[in-house]
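Architecture at a glance
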Amino acid sequence: MEATLQTILFWVFAILGIAGGIGLLFNRNPVYAALSLILNFFSIAGLYLSLQAQFLSIIQVLVYAGAIMVLFLFVIMLLNLEHESGVTTFHTRRALAFVLGLAFVGEMLYVFRGLSAYKLEGSFEYGEVEPIGYQLMTYYLLPFEMISVILLAALIGAIIVARSHKYI
Amino acid sequence: MEFSIDLLGQSTVQILPILFLLLVGLALMMLDAFKVHGKILPILTGLGLIFSAVLALAYGSPSSQVAFFGMLETGGIAPLVHVFLCASGLFTLFFLPDYLKRYHRPIEDVYALLVFAVIGMVLMANAADLIMTFIGLETMSMCLYIFAAMYKTEERSNESGFKYFLLGSFASAFLLLGISLIYGLSGMHQLPQAKVSMGSLLNLDVLANTLPNVLEGSNVNEIIFYTAIGLILIGFLFKVAAFPFHSWTPDVYEGTPTPLAGFMATGGKMAAFIALGVIMQKLNFFYIENGVEFETYPKIIQVLAIASLLTMIYGNIVAARQTNIKRMLAYSSIAHSGYVLLGFCAGGDGFEASLFYLFIYTLMNIGAFGMVGMAERQYEDTHMDHWKGLGKKAPYFAAAMSVFLFSLTGIPPLAGFMAKYQVFITAIRADLILLATVGILTSVIGAYYYIRLIVYMFFGEEQETAPDLNTRFTWMPATGIALLVALILFFGVLPSTILSPIDKVVESGLGIVMASLGM
């Protein structure tokens, strides 16, 4: 494989992303785990960028690495979580879940093993803001607008769950 | 379909029934904010649902007709489905206000959420594009999660809300992964001539054309396709509570306010089933050649058949062991999902039989859940023993409940019998003898636990502590019960009044698509 800038960047971001994911799983301290997740989000944003999906990349940083992770950190710090207690006990159920999960990963690897045969060539204009905006406001207008109903319902739900008891 | 402003205006007119519902939902929120309480909100909600259903019937055309560039189906089966889903919301409303008032917690936002849930169901069931299916499913699910978690001071409600939200999001993620794999497959076909002004790749008609080309001769693509369909099926089977993905059902229904649990078990299931059925029809899972029916993807049908078989067996056997009526109805609703799936596996007329079954099931189950809600002594207290001797204390109540239970069992003059008969007869015609036999045998188990409750009511010893049900017969639930009983009797005697419209719209709505592909 020739070492163009793109492949080098791919490997850098891919390794960083996986490292972030592993860090998330194996850090006992929730704050460190959250920070590893940020690393993961940023490297995925980098991968998007190298695929010429600029819009997605920016949104990934703004929404996930920015807004959502700040919320996570707030919750973790406000709740003042202790270190997660050890989960080393052996359960048949957990073992079964592990085996099934592994089987699923194996299945996925088997399914996608032939995918390297596909080459994506040419330039893709999809990733820029303009075509995405055009698509959202024309062909995808109805789903785009209907998301507002989901958000409205979620808002009402949050209020129902969060308001104080005397209003119930 | 090219984009044009004219089409946009035309589409807006086409979705008028849904826009009207949206308006009703927003108006209800506003009225709630200005402290307009009491019986006005549910009555307005009901009127809104009725008017929207009328609009849908008035605007719908019998032939297939899409709005918003292939996003939403507004002709064909869409108007009828709209009416069914509005009906499930409407019948829930008869039982809801009294129930909420009895626990001194009239959460008035419920009515707006109910309307939003109906919108989500309609969008999902009438979607002509997988992205629309997903958005509709999420809209519906979001409202149902809130219903499950509504009584936050009750432990059961917390449990049910949390369980449903986590597992539901998980199932949605599976569905979304499946849809994105399909998107990849469909895009693979289009990539060389990729242009920005292309429209959706996930439109079901587009998929029906691209998928066979992509799958032809490519082993990898085929495996990806089956993986994707498998993931999509996981999402749908979770939403309809079919066997391997059923475990949330009893806990969630138990913690949800009872009339709303009825709504979840009927409207939510109906929408998910219709969405799945439409996908199966549009992607030509079954096709007819020289008068003989073939399965395009036999493996998928086998998976559905096995799910149906296990769902029928599991749901009925476990339901027979329950002592809590709400849990019994939850397990029985799992069993009913099996019967509907049986219709799906049969292909051909099976979809129509399933649609009929879903409608009748909605009538019976909303009635049953609503009456269980009326008989609760305190929040979520639905043990069977409290029902002993109700036949003497509240004869009308017991008689009406018996009608619902007999209909759920499938006793002849009632609609439940006709629904089961239709499903079984199409299964037998499609040579699914084993499945049909198991269905009939498990119905016998069903008879045991439904009729046990009737025996408790009429022959059990009277309980001192039984609630005075006669005072709970206010005009609202009484009207609802009378209406439901009348409909069940009517459709039991004259099933063709609803079967022939279903047949007609399925033939003309979905049939044309199949013909245009030369299948």
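The structure displayed is predicted, hence computed values, not measured ones. (Residues numbered from 1 in each chain as written. Chains lettered and ligands numbered in written order. Predicted model: local features only at pLDDT ≥ 70, side-chain atom pairs only at ≥ 80, totals over all residues. Heavy atoms only, no water.)

Right, let's get into the overall build of chain A. A tally of regular secondary structure across chain A gives six helices and zero strands. For chain A, the N- to C-terminal ordering of α and β elements is α-α-α-α-α-α. Per-residue burial for chain A yields a buried fraction of 25% across its 168 residues. In chain A, the proportion of contacts linking residues at least 24 apart, taken out of those at least 6 apart, comes to 53%. Carbon and sulfur atoms make up 73% of the accessible area of chain A, which totals about 11,900 Å². (Helix = DSSP H or I, 4+ residues; strand = E, 2+ residues; numbered from the N terminus. Buried < 20%, exposed > 50% of the residue type's maximum accessible area, 1.4 Å probe, protein only. Contact = heavy atoms within 4.5 Å. Areas by Shrake-Rupley, 256 points an atom, 1.4 Å probe, with all protein chains shown as cover.)

What follows deals with the overall build of chain B. Summing up its helical and strand segments, chain B has 20 helices and four strands in all. Whereas a compact globule of 519 residues would reach a radius of gyration of roughly 24 Å, chain B reaches 22 Å, a difference of no more than 12%. The buried share of chain B, taken over its 519 residues, is 64%. Only carbon and sulfur atoms are counted for the fraction: they give 67% of the accessible area of chain B, which is about 18,300 Å². For chain B, the centre of its 25 positive side-chain charges and the centre of its 33 negative side-chain charges are spaced 9 Å apart. (Rg over C-alpha atoms; globule rule 2.2 N^0.38 Å. Lys, Arg positive; Asp, Glu negative; His and termini not counted. Charge placed at Lys NZ, Arg CZ, Asp CG, Glu CD.)

The next thing to look at is helix α3 (residues 54–79) of chain A. All names here are of chain A. With 26 residues, α3 extends 36 Å from end C-alpha to end C-alpha; this agrees with the ideal 38 Å at 1.5 Å per step. Within α3, the axis deviates most sharply at M69, by approximately 35 degrees. Among the residues of α3, those classed as buried are S57, Q60, A65, M69, L73 and I76. N80 sits one or two residues past α3 and shows a positive phi near 55 degrees. (Expected span 1.5 Å × (residues − 1). Bend = angle between axes of the 7 residues up to and from the residue.)

What follows covers the pattern of salt bridges. All names here are of chain B. All told, the structure shown has eight salt bridges over all chains when counted by the stated rule. For the salt bridge of R327 with D251, the shortest nitrogen-to-oxygen distance reads 3.1 Å. Of this pair, R327 sits in helix α13 (residues 325–346) while D251 sits in helix α10 (residues 249–255), and the two are 76 residues apart along the sequence. One salt bridge connects R327 with E254, and the closest N-O pair in it is separated by 2.6 Å. Pair noted here: R327 is in helix α13 and E254 is in helix α10, with a separation of 73 residues, a long-range link. Given a relative accessible area of 18%, R327 falls into the buried group. (Salt bridge = Lys/Arg side-chain N within 4 Å of Asp/Glu carboxyl O.)

This paragraph deals with a nonpolar patch on the surface. All names here are of chain B. A surface patch of nonpolar side chains, amounting to about 640 Å² of accessible area, comprises I40, I43, L44, L47, I50, V54 and W475. Of all the elements, helix α3 (residues 40–59) adds the most residues to the nonpolar patch, at six residues. Along the polypeptide, L47 turns up in helix α3. (Patch = residues over 30% accessible without salt bridge, like charges linked within 9 Å, V, L, I, M, F, W, Y side chains within 5 Å.)

Residue and element names in this part refer to chain B. Scanning the model with the defined rule gives 26 aromatic pairs over all chains in all. Ring plane angle 85 degrees and centroid distance 5.8 Å describe the contact between Y339 and F424, whose orientation is recorded as edge-to-face. Pair noted here: Y339 is in helix α13 and F424 is in helix α17 (residues 415–429), with a separation of 85 residues, a long-range link. By the burial criterion, Y339 is buried, and F424 matches it. Between W387 and F397, the aromatic rings sit 5.7 Å apart at their centres with planes inclined by 50 degrees, giving tilted as the arrangement. (Phe/Tyr/Trp six-rings, centres within 6.5 Å; stacked < 30°, edge-to-face > 60°.)

Before going further, it helps to examine helix α8 (residues 204–215) of chain B. All names here are of chain B. Between its terminal C-alpha atoms α8 stretches 16 Å, which fits the 16 Å expected from 12 residues at 1.5 Å a residue. Its side-chain oxygen at 2.8 Å from the backbone nitrogen of D205, N203 defines the N-terminal cap of α8. At the exit of α8 stands G217, carrying a positive phi of roughly 75 degrees. (Polar contact = N/O pair within 3.5 Å; in protein donor to acceptor, adjacent residues only side chain to side chain.)

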